[in-house]
Amino acid sequence: MALHRGQEIDLTVDGLAFGGRGVARHGELVVFVSRALPGDRVRARVTKLKRRHAEAFAVEVLEAGPGRVTPRCAHFGVCGGCAWQDLAYAEQVRHKAAQVDDALRRLGRFEIELESIVPAAEQYGYRNKLEYSWSDGPDGPSLGFHRAGRWDELVPVETCHIASPAGNDVRRAFERWAREAGLTAYDGRTGEGYLRHLVVREGAHTGQLLAMLVTAPGAVPGRDRLRALLPAEVVGAVHAENAGVGEATAGLEPRPLFGADRYEEVVGGLCLSVTAGAFMQTNTVMSERLYELAIGYAELSTTDVAWDLYCGAGAIGLLAAARAGRVYGIEIAEESVARARENAERNGIANIEFVAGDVAKSVAPLLERAPRPDVVFVDPPRAGLTPKAVKRLLELAPERIVYVSCNPTTLAPNARALVDAGYALERARPVDMFPHTPHIECVALLRREKTGSDPNFSGQAHHSRATASST
Ligand SMILES: C[S@@+](CC[C@H](N)C(=O)[O-])C[C@H]1O[C@@H](n2cnc3c(N)ncnc32)[C@H](O)[C@@H]1O
């Protein structure tokens, strides 16, 4: 009998799909099952039916698979974060490596032996940035996350285990202040209420915290009381107003509430100052491992020119500058570029320049005045490189491309386009920055295969190298 929506069926889960759902079969149908893990036998309710696949969620685990563990978090399964907290960490890492391998083979048509995945140094307390939303409950306003699969429902949190203890204290202090001040949460359906979001950022190596409160328009009451409630490690708080209906924590214009408008972090020995809206990898310790790996893949020498595309606040370029002759960074977000420039100055790094702009539009003008790169680092957002960005990269024709990716399903086709145009995919290594979530980072090295017909490659034009002393 044909399946119908709402029907409950028993399934045996035999894999994990990209994104984190269990994969099972029902006759000819592939079924993607939320909250089910490999080896589980589950009773699942069908939520969506297509010709070749269906979607379902597990209503009961009839027999647990071998990797199941008890999740640490009281909000597990309800909160939309940490979907894999009930999967043993060794299994999480194994599945992530398999998903990168699968993406490169299936979507990129590569036969490559991945280097072993770098597991996370800490499985909890690793996030240096948390974005909470306010909602009203019986005790007054609370901070929490979106309910799994719902954009319109929030789950208040008691303790978030991937935040630090100090980060949790900051959230609790804001809740206490809001209740004492008699404030209410903004309601997206009616447009009424005041409190919208709280972003807590933290320097993992400095212990400094910065908070950004996002509200509907209106002054923040009781600032002195708020300051008194917050832990001493909070170096400052900023306030941003959002008058729109859409949720936003980025692209706002925060103003100081008290203290500093930035916190300090140390990354790979560099002292960085970070404002509320500047880009920063959200796991500091693992970002250091990621950057070390990327810079190692680049095989830099002190005469090399390196370009750091999608550079954020400049971390890769700033770290690479110690081993390269000259570095250029391109980044679209002005706030991140401002931090990158400040951080270069602060760390006494003179052989680097940052350009604010879209990679697709800024590469050509930069190339008119800057030396052609020997190495290009690319670290694009999840959507990967656009066809235009791939084209610009090919026009740059560096000998080595180090691709830092947060999404293997876009890395694979991007790498295929580069390989089809004359590069070889030499190395790739996944890095786990986000335990208990299905997210995975990967660093890949592509090397230009020398061909006589390539004008940038056959002659010396390409090797217009800078010296270590150039600025
Ligand atoms: C994954 S982050 C990489 C940041 C940096 N490499 C780091 O580790 O700190 C991607 C960055 O690309 C920037 N970005 C997104 N689209 C862009 C574009 N079209 N041109 C330039 N930068 C872009 C984002 O603002 C973000 O800072």
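## Overview of the nonpolar core
Formed by 130 residues in total, the largest nonpolar core has its most connected members in Val-33, Ala-294, Phe-377 and Val-402. Residue contributions to this core peak at 7 residues, all from helix α4 (residues 284-297). Dropping the residues within four chain positions of it, Val-402 is found in contact with Ala-294, Tyr-297, Ala-298, Val-375, Phe-377, Val-443 and Leu-445.

## With respect to the domain arrangement of the chain
Domain parsing of the chain yields domain 1 (8-68), domain 2 (129-267) and domain 3 (283-463). A C-alpha centroid distance of 39 Å is found between domain 1 and domain 3.

## Quick look at the site of the ligand
Surveying the vicinity of the ligand reveals 19 residues, the closest of which are Phe-279, Tyr-310, Gly-312, Ile-332 and Asp-379. Mapped onto the shell around the ligand, the elements with two or more residues apiece are α5 (315-320) and β16 (326-331). Looking at the shell around the ligand residue by residue, the class counts come to 13 nonpolar, 3 polar and 3 charged.

## Notes on the confidence of the model for the chain
The predicted coordinates should not be examined in detail at positions where pLDDT is low. Looking at the chain, the pLDDT average stands at 93 and 95% of residues meet or exceed 70. This stretch, residues 458-471, has a pLDDT under 50; its non-local contacts, to residues over four places away or in other chains, come to 27 contacts.

## Some details on the pairing of strand β7 (residues 140-146)
For β7, the buried fraction is high: 5 of the 7 residues fall into the buried class. Note that strand β6 (residues 129-137) and β7 share 5 bridges and pair antiparallel. Paired with Ser-135 across the strands is Ser-142, a residue of β7. Between β6 and β7, which follow one another and run antiparallel, lie 2 residues. Strand direction decides the pairing type here: β7 and strand β8 (residues 154-156), joined by 3 bridges, are antiparallel. Note that in β8 the partner of Phe-145 across the bridge is Val-155.

## A few points about the packing of helix α7 (residues 359-369) against helix α8 (residues 387-396)
Contact geometry for α7 and α8: axes closest at 8 Å, N-to-C directions at 20 degrees. In this view, α7 runs roughly parallel relative to α8, as classed from their interaxial angle. The handedness of the crossing between α7 and α8 is left-handed. Two secondary-structure elements touch here, α7 through Val-359, Ala-360, Val-363, Ala-364 and Leu-367 and α8 through Lys-388, Ala-389, Arg-392 and Leu-396.

## Overview of the pairing of strand β1 (residues 8-16)
By the bridge criterion, 5 bridges tie β1 to strand β4 (residues 41-49) in an arrangement that is antiparallel. Residue pairing for β4: Thr-12 is matched across the bridge by Arg-41. Sheet analysis places β1 next to strand β2 (residues 22-26), joined by 3 bridges and oriented antiparallel. Each residue of the ladder has a partner; that of Leu-16, found in β2, is Gly-22. The hairpin turn running from β1 into β2, its antiparallel successor, is 5 residues long, and Gly-19 in that turn takes a positive phi close to 105 degrees.

## Side note on the sheet that holds β6
The strand order across the open sheet formed by 7 strands is β8-β7-β6-β9-β10-β11-β12, and the pairing between neighbours is mixed. Looking at which strands have only one partner, the edges of the open sheet turn out to be β8 and β12 (255-259). For this sheet, the mean angle separating the axes of adjacent strands, direction not counted, is 35 degrees.

## As for the packing of helix α1 (residues 89-106) against helix α9 (residues 408-420)
Where α1 contacts α9, the axes come no closer than 8 Å and their chain directions differ by 30 degrees. Taken together, the axes of α1 and α9 are roughly parallel relative to one another. Here α1 and α9 pass one another in a crossing that is right-handed. On α9, the residues touching Gln-99, Val-100, Ala-103 and Leu-104 of α1 are Pro-408, Thr-409, Leu-411 and Ala-412. Of the residues contributing to the contact of α1 with α9, the split by class is 6 nonpolar, 2 polar and no charged.

## A word on the environment of Ala-64
By the element assignment, Ala-64 lies in the loop between β5 (53-63) and α1. Separated by 22 residues in the primary sequence, Ala-64 and Val-42 have C-alpha atoms spaced 8.2 Å apart.

What counts and what doesn't
Residues numbered from 1 in each chain as written. Predicted model: local features only at pLDDT ≥ 70, side-chain atom pairs only at ≥ 80, totals over all residues. Core = buried A, V, L, I, M, F, W, Y, C linked by C-beta atoms within 7 Å. Buried ≥ 20, exposed ≤ 12 C-beta atoms within 10 Å, placed from the backbone. Helix = DSSP H or I, 4+ residues; strand = E, 2+ residues; numbered from the N terminus. Contact = placed C-beta atoms within 7 Å. Domains from an automatic or database assignment. Near = placed C-beta within 6 Å. Nonpolar A, V, L, I, M, F, W, Y, C, P; charged D, E, K, R; others polar. pLDDT = per-residue confidence, 0-100. Pairing = 2+ DSSP bridges. Axes fitted to C-alpha atoms, helices over the stretch in contact; angles between N-to-C directions. Parallel < 35°, antiparallel > 145°, perpendicular 65-115°, else oblique. Left-handed = near helix turned anticlockwise from the far one by under 90°.

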